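# Inside the fold
Residues per chain, in single letters:
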Amino acid sequence: MTFKKQCLAGLAGLMLSLGALAAPVEVSGIKLDDPVDLRGTKLQLNGAGIRYKAVFKVYVAALYLGKKAATPEEVYSAPGPRRMSITLVREIDSNELGKAFTKGFEENTPKGEMSKLIPGLIRMGQIFADQKKLLPGENFTIDWIPGTGTIITVKGKPQGEPFKEPEFYNALMRIWFGPNPADWKLKDQLLGKPA
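Residues numbered from 1 in each chain as written. Predicted model: local features only at pLDDT ≥ 70, side-chain atom pairs only at ≥ 80, totals over all residues. Heavy atoms only, no water.

### Observations concerning the overall build of the chain
When helices and strands are counted, the chain shows six helices and 11 strands. By the burial criterion, 45% of the 195 residues in the chain qualify as buried. At a minimum sequence separation of 6, the contacts of the chain that also span at least 24 residues come to 60%. Accessible area of the chain: about 10600 Å², with a carbon and sulfur share of 59%. (Helix = DSSP H or I, 4+ residues; strand = E, 2+ residues; numbered from the N terminus. Buried < 20%, exposed > 50% of the residue type's maximum accessible area, 1.4 Å probe, protein only. Contact = heavy atoms within 4.5 Å. Areas by Shrake-Rupley, 256 points an atom, 1.4 Å probe, with all protein chains shown as cover.)

### Things to note about the packing of aromatic side chains
Scanning the entire structure with this criterion turns up seven aromatic pairs. Geometrically, the ring pair formed by F105 and F168 is tilted, given 5.6 Å between the ring centres and 45 degrees between the ring planes. Of the two residues, F105 is situated in helix α3 (residues 94–108) and F168 in helix α5 (residues 166–177); the sequence distance between them amounts to 63 residues. Over the aromatic face of F163 sits the side chain of R123, whose NZ or CZ is 3.9 Å from the ring centroid. (Phe/Tyr/Trp six-rings, centres within 6.5 Å; stacked < 30°, edge-to-face > 60°. Lys NZ or Arg CZ within 6 Å of the ring centre and 35° of its normal.)

### Digging into the nonpolar core
Grouped together as the largest cluster of nonpolar side chains are 40 residues, with contacts concentrated most on Y59, M84, F140, W176 and F177. Top contributing element to this core by residue count: α5, with eight residues. Grouped together as the second largest cluster of nonpolar side chains are 14 residues, I30, V36, L43 and Y64 included. (Core = buried A, V, L, I, M, F, W, Y, C linked by side-chain atoms within 4.5 Å.)

### Concerning the pattern of salt bridges
Taken as a whole and judged by the stated rule, the model has nine salt bridges. The shortest N-O distance in the salt bridge between E167 and K116 comes to 3.3 Å. Separated by 51 residues along the polypeptide, E167 in helix α5 and K116 in helix α4 (residues 111–131) bring together distant segments of the chain. Here E138 ties to K155 by a salt bridge, and the two come within 3.8 Å at their closest N and O atoms. Taken together, the residues E138 in the loop between β8 (133–134) and β9 (139–145) and K155 in the loop between β10 (149–154) and β11 (157–158) connect sequence positions 17 residues apart. (Salt bridge = Lys/Arg side-chain N within 4 Å of Asp/Glu carboxyl O.)

### Focus: α5
The end-to-end C-alpha separation of α5 is 16 Å, in line with the 16 Å expected for 12 residues at 1.5 Å each. Within α5, 10 of the 12 residues are buried, which leaves it mostly tucked inside the rest of the structure. Listed as buried for α5 are F168, Y169, N170, A171, L172, M173, R174, I175, W176 and F177. (Expected span 1.5 Å × (residues − 1).)

### Observations concerning the side chain of Q131
Positionally, Q131 belongs in helix α4. Here Q131 is in contact with S94, V154, K155 and Q159, once residues within four sequence places are set aside.

### Topic: the sheet that holds strand β5 (residues 56–65)
Reading across from one edge, β3-β4-β5-β6-β9-β10-β11 is the order of the seven strands in this open sheet, with antiparallel pairing throughout. Bordering the open sheet on either side are β3 (36–38) and β11, each of which pairs with just one other strand. Sheet analysis places β10 next to β11, joined by two bridges and oriented antiparallel. Along β11, the bridge assignment pairs V154 with K157. (Pairing = 2+ DSSP bridges.)

### Describing the packing of α3 against α5
With their axes 8 Å apart at the nearest point, α3 and α5 run at an angle of 100 degrees to one another. The angle between α3 and α5 falls in the class roughly perpendicular. Between α3 and α5, the contacting residues are F101, G104, F105 and N108 on the first element and F168, A171, L172, R174, I175 and W176 on the second. A breakdown of the residues in the contact of α3 with α5 according to their chemical character gives seven nonpolar, two polar and one charged. (Axes fitted to C-alpha atoms, helices over the stretch in contact; angles between N-to-C directions. Parallel < 35°, antiparallel > 145°, perpendicular 65-115°, else oblique. Nonpolar A, V, L, I, M, F, W, Y, C, P; charged D, E, K, R; others polar.)

### Re α3
Here α3 spans 21 Å end to end across 15 residues, near enough to the 21 Å set by a 1.5 Å rise per residue. Residues of α3 that are buried include every one of S94, L97, G98, F101, T102, G104, F105 and N108, and no others. Projected down its long axis, α3 shows its buried positions confined to an angular sector of 165 degrees, all on one face. Away from its buried face by more than 90 degrees, α3 exposes K99 and K103. Against the buried residues of α3 lie β5, β7 (92–93), α4, β8, β9 and α5. Measuring from the side-chain oxygen of the N-cap residue of α3 to the backbone nitrogen of N95 gives 3.0 Å; that N-cap residue is D93. (Arc of directions from axis to C-beta. Polar contact = N/O pair within 3.5 Å; in protein donor to acceptor, adjacent residues only side chain to side chain.)

Next up, the structure:
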């Protein structure tokens, strides 16, 4: 093969691999953007997976960070904005989802922190109770914006005032990354570990 042909073959291979890198990610029929723009900051997809309850798929979760994180501690301490995106793959009663999140929150939050976080937890439960139902394909996000707080957005609409305490966002993240996560396999997938 001539030098020119080698260069062309190498260039074609590079373009194919770059195209594969830019391809949208799909999990269980849900297309996930990568990267996402959160208030002017580009966040990359750290990992994504499916939350199962028994044998049923409940939702697709996707974690977005400024730089890759492989451990829960790296997720909690990541600088800048962060996003957890949840897209339903089955209809769910929002009140039931709020109760499941509250349980996950309580099971993974140190007792000493819990009393400070109860007002936020009650408010978050009300946000989900107000929705009544979430349908397949509907989405909500939990964003951490430095200087602003935690913003929960349901179906594209921010829900009330931001939760100001930085500890609140990490307590929410412990639902997926804590010592008793909602789903162990999903925890690994969100941390970018191979399935």
